[in-house]
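# Residue-level structure breakdown
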Amino acid sequence: MTAPASPTRQATSLFQERFGSRPTVLVSAPGRVNLIGEHTDYNGGPVLPLAIERRTVVAAARARGWSLASTLDGPLRRVDPGEDKPEGWLAYAWGVIRVLEAERLAPPGARIGVGSSVPVGAGLSSSAALAVSLTRALLALAGHRLNPRDVAELAYRAEHDEVGVGCGRMDQTVVARARRGHALYFDTETREVKHLPLDIPVWILETGVVHRLVGGRLDERRRECETALQLVQQQGYRVTQLAQVDPADLGALSRALPAPFASRVQHVVTEVRRTRAAAAALAHHQYAELGRLLFEGHLSLRDHYQSSCAEADCLVREAEEAGAMGARLTGAGWGGAVIAILPPGREAGALARIQERFRKAFGRLPTAWVTRAAPGLRSER
Ligand code: GLA
């Protein structure tokens, strides 16, 4: 698939069409895929995502009141941060404005044009790309320069506290802080990040199944994890987050805890171990070991966290049969995208085979494209 038109050009021309003037600020942030460390970020564990070569660009200028347009839908929209949460992508803008106003960091108002090449609902963090780039753009309009860590935290509050997504901090953190050619190891308990070189292409295979995060299965899993933590504590284990459970205690816990809590704990604890092992493998350029961990992680999502779907299982299975070094569902799940490390030098053949098998099973071709690890939040010109 060819990459969509430049989102920078999209954002600036939309801005000029709708507002008849030029933006004074131009900021972009990427989408992301997670190599591994799924559903660990709200359980105090590590994650290992990378930014992708698809970006959301915000073009903005100071104004009175808040008016926005996006290449997603087109017409001019108004947002009032004092009113109820609007529908769709506007909710994220509303959330960002509310957080910045509460912190007295917002400009009086803004004209905003958004262009994006990040597919929406594909599990690639289009919402974090928007929230992070908009946060930085509005801060710039108000004359504030915050570091990417603080921008990520404000965007997290917009998504989590205001919009009400049951997310952890992975998406905003990688979108704001990623480096070109590197994956980002982020320990959500200590909030430390490490940039680990990633010099191989990562394939993105879209299931075509759109997931909805607000009020959905992610919230349900999050609540299950909270209950699971209480049950673990009632068994006498002194932990404050599920990620702290010792893998050696998993046998005893799986006998003591009722379903589905035992299997949720099983996933989180083994995923923490896999994520640390994957970071070590990456640090030593051991891609075969990294790939093995990805396959193992997918099985855990499918069987223990039950966040996969038939389309993702098919893509991962066929990727393995086509000789991929590793593949797994990435992001929240229940649809979205699969990542794969295809066999070097044999990518095209492997891809054709995976797509054909998927078409046989589901009657359509899955969208597939490749990315390298891209840079995070930045200014555009
Ligand atoms: C969503 C959330 C992230 C993370 C993943 C699952 O993408 O936004 O914070 O919880 O699901 O790993």
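Anyway, here's the lowdown on the structure attached to this text. Since we're looking at a predicted model, the values are computed, not measured. (Residues numbered from 1 in each chain as written. Predicted model: local features only at pLDDT ≥ 70, side-chain atom pairs only at ≥ 80, totals over all residues. Heavy atoms only, no water.)

Let's shift gears to the site of the ligand. Taken together, Arg32, Glu38, His39, Asp41, Tyr42, Cys167, Gly168, Met170, Asp171 and Ala332 make up the full set of residues adjacent to the ligand. Glutamate 38 places a polar side-chain atom, nitrogen or oxygen, 2.6 Å from an oxygen atom of the ligand. Separating an oxygen atom of the ligand from a side-chain N or O atom of aspartate 171 is a distance of 2.7 Å. Alone, the ligand offers 300 Å² of accessible surface; in the complex the protein occludes 98% of this. (Near = heavy atom within 4 Å. Polar contact = N/O pair within 3.5 Å; in protein donor to acceptor, adjacent residues only side chain to side chain. Areas by Shrake-Rupley, 256 points an atom, 1.4 Å probe, with all protein chains shown as cover.)

Pairing is antiparallel in the open sheet, where four strands are placed in the order 9-10-8-11. For this open sheet the edge positions go to strand 9 (326-330) and strand 11 (368-371), each flanked by a neighbour on one side alone. Averaged over neighbouring strand pairs, the angle between their axes works out to 25° when direction is ignored. Across the sheet, helix 11 (residues 347-362) is in contact with strand 8 (202-206) and strand 11; its angle to strand 8 comes to roughly 15°. (Pairing = 2+ DSSP bridges. Helix = DSSP H or I, 4+ residues; strand = E, 2+ residues; numbered from the N terminus. Axes fitted to C-alpha atoms, helices over the stretch in contact; angles between N-to-C directions. Contact = heavy atoms within 4.5 Å.)

In this section: the side chain of glutamine 10. For glutamine 10, the location among the structural elements is in helix 1 (residues 7-19). Separated by 3.2 Å, the side chains of glutamine 10 and threonine 71 make a polar contact. When residues no more than four places from it in sequence are discounted, the contact partners of glutamine 10 are Ala5, Thr71, Gly115 and Ser116.

This model, assessed by the stated rule, comprises 23 salt bridges. Note that arginine 157 and glutamate 103 form a salt bridge whose closest N and O atoms lie 3.0 Å from each other. Taken together, the residues span a long stretch of sequence, with arginine 157 in helix 4 (residues 148-163) and glutamate 103 in the loop between helix 2 (90-102) and strand 5 (109-116) at a distance of 54 residues. The salt bridge partner of arginine 328 is glutamate 271, with a shortest N-O separation of 3.9 Å. With a gap of 57 residues between them, arginine 328 in strand 9 and glutamate 271 in helix 8 (residues 261-283) connect regions that are remote in the sequence. Take arginine 328 and glutamate 271: they sit in the same class, and that class is buried. (Salt bridge = Lys/Arg side-chain N within 4 Å of Asp/Glu carboxyl O. Buried < 20%, exposed > 50% of the residue type's maximum accessible area, 1.4 Å probe, protein only.)

Moving on, we get to the environment of arginine 169. Inspection of the secondary structure puts arginine 169 in the loop between helix 4 and helix 5 (170-177). Separated by 199 residues in the primary sequence, arginine 169 and alanine 368 place their C-alpha atoms 27 Å from one another. Ignoring sequence-local partners within four residues, the contact set of arginine 169 consists of Asp41, Glu153, Tyr156, Phe186 and Arg191.

A packed helix pair is summarised by two numbers, namely the angle formed by the two axes and the spacing between the axes. Here helix 2 crosses helix 4 at 110°, and the two axes come no closer than 8 Å. The orientation of helix 2 relative to helix 4 falls into the category roughly perpendicular. Regarding helix 2 and helix 4, the two cross each other, and that crossing is right-handed. Residues Ala91, Tyr92, Trp94, Gly95, Val96, Arg98, Val99 and Leu100 of helix 2 form the contact with helix 4, whose participating residues are Leu154, Arg157, Ala158, Glu159, Glu162 and Val163. Its residues assigned to classes, the contact of helix 2 with helix 4 comprises nine nonpolar, one polar and four charged. (Parallel < 35°, antiparallel > 145°, perpendicular 65-115°, else oblique. Left-handed = near helix turned anticlockwise from the far one by under 90°. Nonpolar A, V, L, I, M, F, W, Y, C, P; charged D, E, K, R; others polar.)

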